[in-house]
Amino acid sequence: MLELRATAQRLVAAGDATRRRMERDLHDGVQQRLVTVAMELGGVVRQATAAGATDVATEADTVRAHLLEATAELREMARGLHPAVLTQDGLEAAAGFLADRSPVPVRLTVAVERRLPAEIEATAYFVVSECLTNAAKHAAATLITVEIRQSEAGLTVEVADDGCGGAAKRPGGGLQGLADRLAVLDARLRIDSASNGTRLRTVIPCG
Amino acid sequence: MLADDAVLFREGLARILADAGFTVTGQAGDGNTLLDLIRADPPDVAVIDLRMPPGYAAEGIETAAAIRARAPAVGLMLLSQYVEVHHALRLINEFDGGVGYLLKDRVSDLAAFGTDLRRVGRGDTVIDSDLVARLVARRRERDPLDNLTDRERAVLALMAQGLSNVAVAADLHLAVKTVEAHVTAIFTKLGLIQHEREHRRVLAVLTFLRA
């Protein structure tokens, strides 16, 4: 059993490392190239304007706008793979970003004193991300409370909403995926979901 | 002066800035090289990539802090593929003006980017419009922004980007006096203290939007 758990932990860590590397590659590679091309297009717009070719300038500027839209989409994809802000600045900043973008208001409390191992931070991040998405998409919640606290028992992550409930682990579903990921870190996902709201809670041991 | 480890982007930027009438006095691939260049010949503005070697984290901010300590007159424009609120707050808090924080995408609109560079060179604060839009759109419980009119929201967003009343007026095609009235109304409605200096004002507004 111990050996199996160690194998599973290595698999999760390797998966995370791959996602981090892919994000880095996108950031330093494709994204950088696209932004450079957009900049060159900006130069074309300028030249065309200077030469009095207004039509060409307008058209090139439209192409530039489309290119920037594609770049923005790619940026979001890279962020979904692995948020650079998590690696660089830790859980509080990354959770703050998720809360800022939530379509449902979020009351966020983060009490984490120090940086934790990457797989723990990433797992906590994905728990919050998935739960915020569920609360907005399926539960019609009007307020979500997120608490992330570090204590001797480990890292507690709790997400509660006032929505219509219905959260459950389903094969292949997001919550099942989270539960599997948490199990590897020796943590359980507790789900209390009723018609007056959903509360998801886990404590991840931090050694 | 420019610092970015992505050579193609950096050289492209140098070229279009030169076309637009700027003089690019030096280029570097990392923060330390840039610092050496700046010590030898301080420019009006340094354009710095946020994420550079060795750690590819937020080295650009450390470089900017080192430049400010050694050559306080140099304006600092930080560019990044992502704009993060906590970086913006840190830049505004730690640097007393003369600082900008924009998405890299912005350089493709050279006229606007040139204006922003000049503003940073003059000591103004420039914050990316995407970041401000994200904060203004943020859903809150009992949202105090609900009390603002659409026009006041538009003024608030431009203030948060670092625009002065005169610049806000130009952007929205309003009289400066009208903008001043809007600003007073916004600060009253949000319970904020008005600051004379734009830099302090940006900090007050962004901190409020974040809270």
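Computed from a prediction, not measured in an experiment: that's the story for all the values here.

## Focus on the sheet that holds strand β3 (residues 45–49) of chain B
Residues and elements named next belong to chain B. In spatial order, the strands read β2-β1-β3-β4-β5-β6; together these six strands make up an open sheet with parallel pairing. Of all the strands in the sheet, the pair left with one neighbour each is β2 (27–28) and β6 (125–127). By the bridge criterion, five bridges tie strand β4 (residues 75–80) to strand β5 (residues 99–103) in an arrangement that is parallel. Looking at β5, one finds that M77 is bridged to G100.

## A look at the sheet that holds strand β1 (residues 106–111) of chain A
Residues and elements named next belong to chain A. Spatially, five strands are ordered β1-β2-β3-β5-β4 in an open sheet, and the strand pairing comes out mixed. Two strands bound the open sheet, and with one partner strand each, they are β1 and β4 (190–194). Across the sheet, the mean angle from the axis of one strand to that of its neighbour is 5 degrees, orientation sign disregarded. One ladder, built from six bridges, connects β1 with strand β2 (residues 144–151); its direction is parallel. If you follow L108 over to β2, its bridge partner there is V146. Helix-sheet contacts for helix α5 (residues 118–137) involve β1, β2, β3 (154–161) and β5 (197–204), and the interaxial angle to β3 is about 5 degrees.

## So, the interface of chain B and chain A
Opposite the 27 residues of chain B that make contact, chain A presents 31 residues. When residues of the side of chain B that touches chain A are traced back to their parent elements, those giving at least two are α1 (7–19), α4 (85–94) and α6 (129–137) of chain B. Considering each element in turn, the side of chain B that touches chain A owes the most residues, six residues, to α1(B). Here the residues of the side of chain B that touches chain A sort into 13 nonpolar, four polar and ten charged.

## Looking at the packing of helix α1 (residues 2–50) of chain A against α1(B)
With their axes 9 Å apart at the nearest point, α1(A) and α1(B) run at an angle of 15 degrees to one another. Taken together, the axes of α1(A) and α1(B) are roughly parallel relative to one another. When you trace α1(A) past α1(B), the crossing you get is left-handed. Where α1(A) approaches α1(B), its residues A:Q32, A:V35, A:T36, A:M39, A:E40, A:G42, A:G43 and A:R46 are matched on the opposing element by B:L8, B:F9, B:G12, B:L13, B:I16 and B:D19.

## Here we look at unusual backbone geometry
One non-glycine residue with positive phi stands out, namely A:D186, at about 70 degrees. Relative to the helices and strands, A:D186 resides in the loop between α6 (174–184) and β4. With 13 C-beta atoms packed within 10 Å, A:D186 lands in the partly exposed category. Unlike most non-glycine residues, B:H173 shows phi in positive territory, near 55 degrees. Here B:H173 lies in the loop between α8 (165–172) and α9 (176–190). Given 6 C-beta atoms within a 10 Å radius, B:H173 is considered exposed.

## What about the domain arrangement of chain A?
Where interface size is given, it is often the accessible area lost as the parts come together that is meant. All names here are of chain A. The domain architecture assigned to chain A consists of domain 1 (2–82) and domain 2 (86–204). The gap between the C-alpha centroids of domain 1 and domain 2 is 28 Å. The class makeup of the residues in the side of domain 1 that touches domain 2 is three nonpolar, one polar and three charged.

## Here we look at the nonpolar core
Counting residues in hydrophobic clusters, the biggest one holds 100 residues, and the most contacted among them are A:A124, A:V128, B:A46, B:L76, B:M77 and B:L78. Tallying contributions element by element places α5(A) first for this core, with nine residues. In this view, B:M77 contacts B:V45, B:V47, B:I48, B:G100, B:L102, B:L117 and B:V120; residues no more than four positions away in its chain are not counted.

Parameters and conventions
Residues numbered from 1 in each chain as written. Chains lettered and ligands numbered in written order. Predicted model: local features only at pLDDT ≥ 70, side-chain atom pairs only at ≥ 80, totals over all residues. Pairing = 2+ DSSP bridges. Helix = DSSP H or I, 4+ residues; strand = E, 2+ residues; numbered from the N terminus. Axes fitted to C-alpha atoms, helices over the stretch in contact; angles between N-to-C directions. Contact = placed C-beta atoms within 7 Å. Nonpolar A, V, L, I, M, F, W, Y, C, P; charged D, E, K, R; others polar. Parallel < 35°, antiparallel > 145°, perpendicular 65-115°, else oblique. Left-handed = near helix turned anticlockwise from the far one by under 90°. Buried ≥ 20, exposed ≤ 12 C-beta atoms within 10 Å, placed from the backbone. Domains from an automatic or database assignment. Core = buried A, V, L, I, M, F, W, Y, C linked by C-beta atoms within 7 Å.

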